[in-house]
Structures are given as structure tokens and as C-alpha cells.
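A structural walkthrough
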Amino acid sequence: MEQDIGKALTYQIKREIAERYFGYRKIIEEDRQALEAMVPDLHFLYEQKIGRDIIRIYVLLRDLNLIDEFLSLAGWEGRPFFDQYTVESGTIREQLLKDIELHGWMAHSRFANLLLDSYERLYMDTSKYREKLDEVLEEAQVIEEEIHQFKEKFSLEEIMGFLKTLDRRDDLTGVLGENLPAGRAEDLSSRLDLVPVGDFEKLLPKVPELPAPNKVKGSLKDLAHRAVKAHKEEVLKAAGD
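Residues numbered from 1 in each chain as written. Predicted model: local features only at pLDDT ≥ 70, side-chain atom pairs only at ≥ 80, totals over all residues. Heavy atoms only, no water.

**What about helix 8 (residues 213-230)?**
Rules: Numbering goes from the N terminus for both helices and strands, where a helix is a DSSP run of H or I of at least four residues and a strand is a run of E of at least two. For a helix, the expected span equals 1.5 Å multiplied by the residue count minus one. Values of bend correspond, residue by residue, to the angle between axes fitted over the seven residues ending at that residue and the seven starting there. Working definition: with a 1.4 Å probe on protein chains only, accessible area under 20% of the residue-type maximum means buried, over 50% means exposed, and in between means partly exposed.
Compared with the 26 Å implied by 1.5 Å per residue over 18 residues, the 24 Å span of helix 8 between its first and last C-alpha is a close match. Roughly 35° is the biggest bend found in helix 8, and it falls at serine 219. Residues of helix 8 that are buried include every one of Val216, Leu220, Leu223, Ala224, Ala227 and Val228, and no others.

**What about the packing of helix 2 (residues 64-74) against helix 8?**
In plain terms, the rule: Here the axes come from fitting lines to C-alpha atoms, over the contacting stretch only for helices, and the angles between their N-to-C directions go from 0 to 180 degrees. Here roughly perpendicular refers to angles of 65 to 115 degrees, roughly parallel to angles under 35, roughly antiparallel to angles over 145, and oblique to all remaining angles. Any two residues whose heavy atoms approach within 4.5 Å are treated as being in contact. Three classes are used, and their members are as follows: Ala, Val, Leu, Ile, Met, Phe, Trp, Tyr, Cys and Pro are nonpolar, Asp, Glu, Lys and Arg are charged, and the others, Gly among them, are polar.
Direction vectors running N to C along helix 2 and helix 8 enclose 175°, while the axes themselves pass 11 Å from each other. In terms of axis orientation, helix 2 runs roughly antiparallel to helix 8. Seen from helix 2, the contacting residues are Leu66, Glu69, Phe70 and Leu73; seen from helix 8, they are Val216, Ser219, Leu220, Leu223, Arg226 and Ala227. For the contact of helix 2 with helix 8, the per-class residue count stands at seven nonpolar, one polar and two charged.

**A look at a negative patch on the surface**
Heads up, the condition is: Only residues whose relative accessible area exceeds 30% and that take part in no salt bridge are eligible for patches, with like-charged residues grouped when within 9 Å of each other and nonpolar side chains (Val, Leu, Ile, Met, Phe, Trp, Tyr) grouped when within 5 Å. Where accessible areas are quoted, they stem from the Shrake-Rupley method and a 1.4 Å probe; at the residue level, only the protein chains shown are allowed to cover. A side-chain nitrogen of Lys or Arg and a carboxyl oxygen of Asp or Glu constitute a salt bridge if their distance falls within 4 Å. Lys and Arg are tallied as positive, Asp and Glu as negative. Neither His nor the chain termini are counted. Lysine's charge is taken at NZ, arginine's at CZ, aspartate's at CG and glutamate's at CD.
A cluster of acidic side chains, namely Glu131, Asp134, Glu135, Glu138, Asp199 and Glu201, defines a negative patch on the protein surface. In this fold, glutamate 135 is placed in helix 5 (residues 107-153).

**Regarding the pattern of salt bridges**
With the rule as written, the count across this model stands at five salt bridges. When the shortest N-O distance is used, the salt bridge between aspartate 53 and arginine 56 registers 3.3 Å. One end of the pair is aspartate 53 and the other is arginine 56, both in helix 1 (residues 2-61) and three residues apart, which spans about a single turn. Notably, a salt bridge pairs arginine 226 with glutamate 69, separated by 2.4 Å at the nearest N-O pair.

**Describing the confidence of the model for the chain**
Applicable threshold: Each residue gets a pLDDT score, which is the predictor's confidence in that residue and runs from 0 to 100.
Of all residues in the chain, 67% have pLDDT values of 70 or greater, and the mean over the chain is 77. Of all helices and strands in the chain, the one with the weakest mean pLDDT is helix 7 (residues 184-192) (52), whereas helix 2 scores best (94).

**Some thoughts on the packing of aromatic side chains**
The line we're drawing: Each pair of aromatic rings taken from Phe, Tyr and Trp, with Trp reduced to its six-membered ring, is defined by centres within 6.5 Å and is described as stacked if the planes are under 30 degrees apart, edge-to-face if over 60, and tilted in the remaining cases.
Counting across every chain of the model gives four aromatic pairs. Both rings, one in tyrosine 46 and one in phenylalanine 81, keep their centres 5.0 Å apart while their planes meet at 45°; by these two values the pair is tilted. Taken together, the positions of tyrosine 46 in helix 1 and phenylalanine 81 in the loop between helix 2 and helix 3 (84-88) put the pair 35 residues apart, joining distant regions of the chain. On the accessibility criterion, tyrosine 46 (13% relative accessible area) is buried. When the ring of tyrosine 58 is compared with that of phenylalanine 82, the centres are 5.6 Å apart and the planes differ by 70°; the resulting orientation is edge-to-face. In this pair, tyrosine 58 sits in helix 1 while phenylalanine 82 sits in the loop between helix 2 and helix 3, placing the two residues 24 residues apart along the sequence.

And the structure:
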């Protein structure tokens, strides 16, 4: 009778350890999956929203020097999404501008408003991207801390060492791998190891914090004026004349 009670207690202890270990581990894995699911949304926002916004500005400015001035004004390194054919394509220009309402009395003022409105869209989408990026990075830090606490609380090596001190029975083998043959325990430990989240920021495109539209309004108008002088015919088309 005492032997049966001891065996039952041994089994219960092992079961509770396994449930706690794998229960906490499952929570962390689910959190990691939710984090990874946020990444495609950020890529979509960057490529489909921000990319479209910035190409629209390229199409309006056309001149490479003006484009580089704009990027410097925005604090953007490199020329993201730049393609010479795209900039010069009349069909692409029409597609990019068709959903922006023209306003202003004269062609040059309508064109300037086009550039200002396009920048405002870019500003809003980059702000949204940076907010979501902050959420992802904050969640990544939380999961990193969860993993750190998990490893401190549940040392698989210590758990397996403790289980070896309990009564060994064939029908209990494998609850946490404590009765595995030599070498297999190390393999189990390796497979169950929780890999750190890592630097998620390196996996995602960098987007600078753009200056507010009201702070660069004058500079944008100047770029628009110079674009009108350099490409009057294309400007008139963009402005609806």
C-alpha cells in the first residue's frame, strides 16, 4: 500500500512539473507567434502605403536633384523605392494622382497643393508605421523578459536532475525526458530551448520621424516652384491643365 502511494505521488509530482513547464512555455510560444504575425502587417504598410506615397512625390518632383533635396529635408537616407522608369511614366503618374483631389486657382498653385497633400499622406503613413513598429519592439522586449524569467524559473537540467532522484518506472518514462538514454536528454534540452527573440528592429525597414507638414510647408512650396520651372509640361498635366 505504501509503495503504491509513493508511486502515485511520484507520478503526480512529475505530471505537475510537466504541466507547469509546458504551460508556461506554451504561453511564451503563443506570444512569439502573435509577435511574428505583426511583421507582415508592417511590411505591407511600408511597401504598399509608404512606398506609394514616396513614389508619388518622386513623380511630382521628377528631377533627381529635387528628389534628393526632398529626401534630405525628410531626413531619409538613400532613395527608397526609386526607379527612373517609374518617375518618368505618364501612366504611373496618372494612377498615383487619381485619388488626390486638385484644389487651387492656377496650375502652379494646384501643383504645389498636390505636393503638400502628398507629403501629408506620407507623414501620416510613416507616423502610423513608427507607432506600430514601437508596439512590435515593445512586445519583443516583453517576450525577451518572459524567456529570461522562464529560464530562471525552469532550468531543464535541474528539473531532470530532480526527477532522477524520484522512483523510476517505465510507464513514467518521457514525462520530461528524465529516463531517456544517454545523449538523448541533451538533444531534448536543445530542442526545448527557447531561442531569444533577437533584434526585431533589424528585420524591418527603417523609417525616419518626418518633420510635421506645417514645419516644411515653405520648403515644399519652394521645391514645387522649382519643379514647375524645370518640367512645366509635365506639371501642367499633373495639375489638370
